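Chain by chain, the residues run as shown.
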Amino acid sequence: MNQRSHEVDYKIIGEGVQLVEIELDPQETIIAEAGAMMYMEQGIAFETKMGDGSDPHQGFLGKLLSAGSRMLTGESLFMTHFTHQGTGKSRVAFSGPYPGTVLPIDLKKCFQNEVIVQKDAFLCAAFGTKVSITLNKKIGSGLLGGEGFILQKLQGDGLSFIHAGGTVVERQLNNETLRVDTGCVVGFESSVDFDIQTSGGLKSMLFGGEGIFLATLSGTGKVWLQSMPIRKLIQAIAPYSKNSNKEGGSLLGNFLER
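Criteria and thresholds
- Along every chain, residues carry numbers that run from 1 in the direction the sequence is written.
- Residue-level local features of this predicted model are given only where pLDDT is at least 70; pairs of side-chain atoms are given and counted only at 80 or more, and the full residue set underlies all totals for whole chains, interfaces and linings.
- Excluded from the side-chain calculation are hydrogens and water; included are all heavy atoms of the structure.
- A run of H or I in DSSP becomes a helix once it reaches four residues, and a run of E becomes a strand once it reaches two; helices and strands are each numbered from the N terminus.
- For every residue, the accessible area obtained with a 1.4 Å probe (protein chains only) is divided by the maximum for its type, and the residue is called buried under 20%, exposed over 50%, and partly exposed between those limits.
- By definition in these notes, contact holds between two residues if any of their heavy atoms fall within 4.5 Å.
- Just to be clear on terms, a salt bridge is a Lys or Arg side-chain nitrogen sitting within 4 Å of an Asp or Glu carboxyl oxygen.
- Here, a strand pair is defined by DSSP locating no fewer than two bridges between the strands.
- Here an axis means a line fitted to C-alpha atoms, over the contact stretch when the element is a helix, while the angle between two N-to-C directions is reported on a 0 to 180 degree scale.
- Each nonpolar core is a collection of buried residues, namely Ala, Val, Leu, Ile, Met, Phe, Trp, Tyr and Cys, held together in the definition by side-chain atoms within 4.5 Å.

Novice: Which parts of the structure should I look at to understand the side chain of Thr216?
Specialist: As for its placement among the helices and strands, Thr216 is situated in strand E17 (residues 213–226). Using a relative accessible area of 9% as the deciding quantity, one classes Thr216 as buried. When neighbours within four sequence positions are excluded, Thr216 is seen to be in contact with Thr177, Leu178, Arg179, Asp193, Phe194, Asp195 and Gln197.

Novice: How should I be thinking about the pattern of salt bridges in this particular structure?
Specialist: Pairs can form between side chains of opposite charge whenever their charged atoms are close. Summed over the entire model, instances satisfying the criterion amount to 8 salt bridges. Between Glu23 and Lys89 there is a salt bridge, with its nearest N and O atoms 3.9 Å apart. Of the two residues, Glu23 is situated in strand E2 (residues 19–24) and Lys89 in the loop between strand E6 (79–84) and strand E7 (90–95); the sequence distance between them amounts to 66 residues. In this structure Glu23 comes out as buried when scored by relative accessible area, which is 18%.

Novice: Is there a simple way to explain the sheet that holds strand E10 (residues 122–126) in this structure?
Specialist: Two orientations exist for strands paired in a sheet by backbone hydrogen bonds: parallel and antiparallel. Taken in spatial order, the 6 strands make up an open sheet running E5-E6-E3-E10-E13-E8, and their pairing is antiparallel. Unpaired on one side and paired on the other, strand E5 (44–49) and strand E8 (100–106) mark the two borders of the sheet. Neighbour-to-neighbour, the strand axes of the sheet open up by a mean angle of 20°, direction not taken into account. Inspection of the sheet shows strand E3 (residues 29–33) paired to E6 by 5 bridges, in the antiparallel sense. Bridge pairing in E6 places Ile31 opposite His81.

Novice: What is the right way to look at the pairing of strand E12 (residues 150–155) in this model?
Specialist: Successive side chains on a regular strand alternate, one facing one side of the sheet and the next facing the other. Alignment of strand E9 (residues 114–118) against E12, held across 5 bridges, turns out to be antiparallel. The residue of E12 that forms the bridge with Ile116 is Lys153. Across 6 bridges, strand E11 (residues 130–135) lies against E12 in antiparallel orientation. When the bridges of E12 are listed, Lys130 appears paired with Gln155.

Novice: Explain the sheet that holds strand E4 (residues 37–40) here, please?
Specialist: Spatial ordering of the open sheet is given by E1-E2-E7-E4, a layout of 4 strands whose pairing is antiparallel. The sheet is open, and its two borders are formed by strand E1 (9–13) and E4, each paired with just one other strand. Pairwise comparison of adjacent strand axes, ignoring direction, gives a mean angle of 20° for this sheet.

Novice: What is the right way to look at the pairing of E3 in this model?
Specialist: Taken across its 5 residues, E3 has 5 buried, putting it largely inside the fold. Two elements, E3 and E10, share 3 bridges in a ladder whose sense is antiparallel. Paired with Ile31 across the bridge in E10 is Ala125.

Novice: What's the story with the nonpolar core in this structure? I'm lost.
Specialist: As a rule of thumb, soluble globular proteins bury nonpolar side chains together. Ranked by internal contacts, the top residues of the largest apolar core, which has 18 residues, are Ile105, Val115, Leu154, Ile162 and Trp224. Setting aside residues up to four positions removed in sequence, Val115 forms contacts with Ile105, Leu107, Gln152, Lys153, Leu154, Phe188, Glu189 and Trp224. Judged by nonpolar contacts, the second largest core, of 17 residues, contains Leu24, Ile44, Val92 and Phe161.

Printed below as a string of structure tokens:
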């Protein structure tokens, strides 16, 4: 298969709060979610476009439908294309919307050159990568779980970068089944079957503390999990907010509020 995605070099910077720095040769392009760019060096120009640009022959209506479908995931209608228009090498960096890990995925090494990720996981990718949505056909996922019904599909033969909360765990399933907290699933190869099921008996669901539903990943392929999804992060910091717990502030903070 001929490489159609741009071949980019990269460096992951940081530990607990990571960003990815992409090194571009002249005329190389990286596509990213609107607002994800942190900094860029001289020679790089950016342009906001409708769609990912993976199909150069796609008409306006096709671009509109493709971009419009992304709105179902809560993402922007537009994507930003960063192109190195100078000489030598130049760099552009991207960071996630909350603390976490940036995970590079080489799509040409994935099953059928594609990976399925949660709707807010995509960060950036080499130009030529197709970013679309996919609906989970499992009734349980759509009606019960809430999370994982609308997913993003990344297709291509280049590098794609996704953002996850906390630490990322990569698991290789070999005709196995893994049950996971619904919010902790970041992505999986399309060879893996994804469903959401009840977590157990009524007593366990009400008093177990693990939630009413669990994600079930089964089959053969890679899955990526995150230790701190945004839902858990919000729950962890909510008791310390000024409005929800007046006793959570410091003495200095209480003094300044007077």
